[in-house]
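# Report on the structure
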Amino acid sequence: MALYQLDSVFFKELAKKNREKYITAAPFPHIFLDNVFPEDLLSKILDEFPNKNQIDWYTFQSKNEVKLASRDEEKFGDLTRHFIHILNSKPFLAFLEELTGIRNLIPDPDLEGGGLHQILKGGLLKIHADFNKHPKTNLDRRINVLIYLNKDWKEEYGGFFELWDTNMEKAEVEILPIFNRMAIFSTTSKSYHGHPNQLNCPENMSRKSIAMYYYTNGRPKEEMDENLGTHTTLFK
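Reading the values: the criteria
Residues numbered from 1 in each chain as written. Predicted model: local features only at pLDDT ≥ 70, side-chain atom pairs only at ≥ 80, totals over all residues. Heavy atoms only, no water. Pairing = 2+ DSSP bridges. Helix = DSSP H or I, 4+ residues; strand = E, 2+ residues; numbered from the N terminus. Core = buried A, V, L, I, M, F, W, Y, C linked by side-chain atoms within 4.5 Å. Buried < 20%, exposed > 50% of the residue type's maximum accessible area, 1.4 Å probe, protein only. Contact = heavy atoms within 4.5 Å. Lys, Arg positive; Asp, Glu negative; His and termini not counted. Salt bridge = Lys/Arg side-chain N within 4 Å of Asp/Glu carboxyl O. Polar contact = N/O pair within 3.5 Å; in protein donor to acceptor, adjacent residues only side chain to side chain. Phe/Tyr/Trp six-rings, centres within 6.5 Å; stacked < 30°, edge-to-face > 60°. Lys NZ or Arg CZ within 6 Å of the ring centre and 35° of its normal. Expected span 1.5 Å × (residues − 1). Bend = angle between axes of the 7 residues up to and from the residue.

### Focus: the pairing of strand E8 (residues 171–175)
As paired elements, strand E7 (residues 161–164) and E8 share four bridges and run antiparallel to each other. Bridge assignment links Trp164 to a residue of E8, and that residue is Ala171. As consecutive antiparallel partners, E7 and E8 are separated by six residues, and within that stretch Met168 has a phi angle of approximately 55 degrees, a positive value.

### A short note on the nonpolar core
In this structure, Phe37, Phe92 and Phe95 are the most contacted members of the largest nonpolar core, which totals 43 residues. Contributing elements (two or more residues each) for this core: helix H1 (8–23), strand E1 (30–34), helix H2 (39–48), helix H3 (78–87), helix H4 (90–100), strand E6 (140–148), strand E9 (181–186) and strand E11 (207–216). Setting aside anything within four residues of it in sequence, one finds Phe92 in contact with Leu6, Phe11, Phe37, Ile86, Leu87, Val145, Met182 and Tyr214. Within the second largest apolar cluster, 14 residues are counted, among which are Phe28, Leu139, Leu163 and Ile175.

### Some details on the side chain of Arg207
Structurally, Arg207 can be placed in strand E11. We note that Arg207 is buried and unpaired, the nearest opposite charge coming from Glu162 at a distance of 9.1 Å. There is a polar contact of 2.8 Å between the side chain of Arg207 and the backbone oxygen of Gly159. Setting aside its immediate chain neighbours within four residues, Arg207 contacts His117, Gln118, Ile119, Tyr148, Asn150, Trp153, Gly159, Phe160, Phe161, Pro177, His195 and Leu199.

### A few points about the packing of aromatic side chains
As enumerated under the stated definition, the model contains 14 aromatic pairs in all. Look at Phe10 and Phe11: their rings are 5.3 Å apart centre to centre, the planes differ by 90 degrees, and that puts the pair in the edge-to-face class. Under the relative-accessibility criterion, Phe10 is labelled partly exposed at 37%. Owing to a relative accessible area of 1%, Phe11 belongs among the buried residues under this scheme. Seen in terms of ring centroids, Phe11 and Phe92 are 6.2 Å apart; in terms of plane orientation they differ by 70 degrees. Their pairing is edge-to-face. With Phe11 in helix H1 and Phe92 in helix H4, the pair connects residues that are 81 residues apart, well separated along the chain. Just as Phe11 is buried, Phe92 falls in that class too. Taken together, the ring pairs connect Tyr4, Phe10, Phe11, Phe37, Phe83, Phe92, Phe95 and Tyr214 into an aromatic cluster. The ring of Phe179 is capped by Lys151, whose NZ or CZ atom sits 4.9 Å from the centre of that ring.

### A look at H1
Taking 1.5 Å per residue, 16 residues should reach 22 Å; H1 reaches 21 Å between its end C-alpha atoms and fits that length. A maximum bend of about 40 degrees is found in H1 at Lys17. Within the sequence span of H1, burial applies to Phe11, Leu14, Ala15, Asn18 and Tyr22. The secondary structure elements touched by the buried residues of H1 are E1, H4 and E9. Measuring from the side-chain oxygen of the N-cap residue of H1 to the backbone nitrogen of Val9 gives 3.2 Å; that N-cap residue is Asp7.

### Digging into unusual backbone geometry
A cis amide bond links Ala26 with the next residue in sequence, Pro27, at an omega value of 10 degrees. By the secondary structure assignment, Pro27 is in the loop between H1 and E1. In this structure, Asn138 is a non-glycine residue whose phi angle is positive, near 65 degrees. Relative to the helices and strands, Asn138 is located in the loop between strand E5 (124–129) and E6.

Right, dumping it as structure tokens:
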């Protein structure tokens, strides 16, 4: 299989077609798109995805989050590493800028907080707003991209990606994390999201995703909260 290259024309048209839908979405700007990437590409990446024992995962184990994560690309398969580099490339940044209206995006080769995520049966991620500044560069976190790798995923397994209203009264959007589904959303101190209910998949399965975060140098004043300032993850 030849190395995957982004079709810039396709992604530019995809962004233009969905920009209004993204910007006007409630409870905050977001969208999910299905089958954007070649199925055989993501199938091969799924084949490379390490199980819970293959690498030294960073383990999150608390009342707020029970999950595994790795941002060490030296532990990723060759195709996975290439794909992540594509997601950090200029053509993909151009797609995100056109879709979201957020200009001058900066990728994060360190994959701080991102990379490969895996949640086993019983795991969860309580509703939260993400850290708003990159810990090394101090850049402002603006966009999350999540690409799901879960074949034959059933609703009864749970693991819905939930977007909550600002008042934390209800989930306004629930997104099933099925294979080749990409969720994109704008991150602020009030973009509350997660999957708060324990995962109910079979023991031999897990909820797998690639998580990518994008930054800018500064952000609009209306998105700033002087009372919060720079903050880590805000669990609700």
